[in-house]
Amino acid sequence: MPTVTVCRDCCCGSATKVPYLDHEAQLADLRSSLEGAARVRRVDCLDACERANVVVVQPSPEGRRAGGRPVWLGLVNDRDATADITDWVHRGGPGIAEPPEILSLYVFKPSRRIQRELDR
């Protein structure tokens, strides 16, 4: 089962940083739409504040064995992006299914330090 990590702290989830999005509704939508398909977890700052809101899709064990690695998505600030993430995860996520092409606009590479901290 993939894991979807949703950053919620100083910038991600902040109405000051992203005022036009209902941040709690976004998290609730991910949790309800991915129930049984992925583990959704809320974490404090992932230290990529300039890309608020950040979502990381981590592969399932099968996906990891197939070569899948965590995919970091930034500026996930609309319902369509959330729906694209949900669709991809339902199809298997990293290593199992190709992400919708539109998600390539959101992908970024975090620092090695931040990657290591999330993998703990």
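Within each chain, residue numbers correspond to sequence positions counted from 1 in written order. Only residues with pLDDT of 70 or above have their local features reported here, since the model is predicted, and side-chain atom pairs are shown and tallied only from 80 upward, although totals for entire chains, interfaces and linings are computed over all residues. With hydrogens and water stripped out, all remaining heavy atoms of the structure feed into the side-chain values.

Draft legend 1. Seen up close, the environment of Val 18. Residue placement: Val 18 occurs in the loop between strand S1 (3–7) and helix H1 (23–33). Taking the C-alpha atoms as reference points, Val 18 and Leu 30, 12 residues apart in sequence, are found 18 Å from one another. Residue contacts are counted whenever heavy atoms from the two residues lie within 4.5 Å of one another. In contact with Val 18, not counting residues within four places along its chain, are His 23, Ala 52 and Asn 77. Strands here are runs of E lasting at least two residues and helices are runs of H or I lasting at least four, both read from the DSSP assignment and numbered beginning at the N terminus.

Draft legend 2. Geometry of the nonpolar core. In these notes, a set of buried Ala, Val, Leu, Ile, Met, Phe, Trp, Tyr and Cys residues joined through side-chain atoms within 4.5 Å is what counts as a nonpolar core. Here's how the labels work: a residue is buried when its accessible area is under 20% of the maximum for its type, exposed when over 50%, partly exposed in between, all with a 1.4 Å probe on protein chains only. Val 4 and Ile 85 are the most contacted members of the largest nonpolar core, which totals 19 residues. Of all the secondary structure elements, the ones that give two or more residues to this core are S1, H1, strand S3 (55–58), strand S4 (71–73) and helix H3 (79–90). Top contributing element to this core by residue count: H3, with four residues. When residues no more than four places from it in sequence are discounted, the contact partners of Ile 85 are Val 55, Val 57, Leu 73, Val 76 and Leu 103.

Draft legend 3. Focus on the environment of Arg 41. Here Arg 41 lies in strand S2 (residues 39–43). In this structure the C-alpha to C-alpha distance between Arg 41 and Val 6, which are 35 residues apart in sequence, comes to 6.1 Å.

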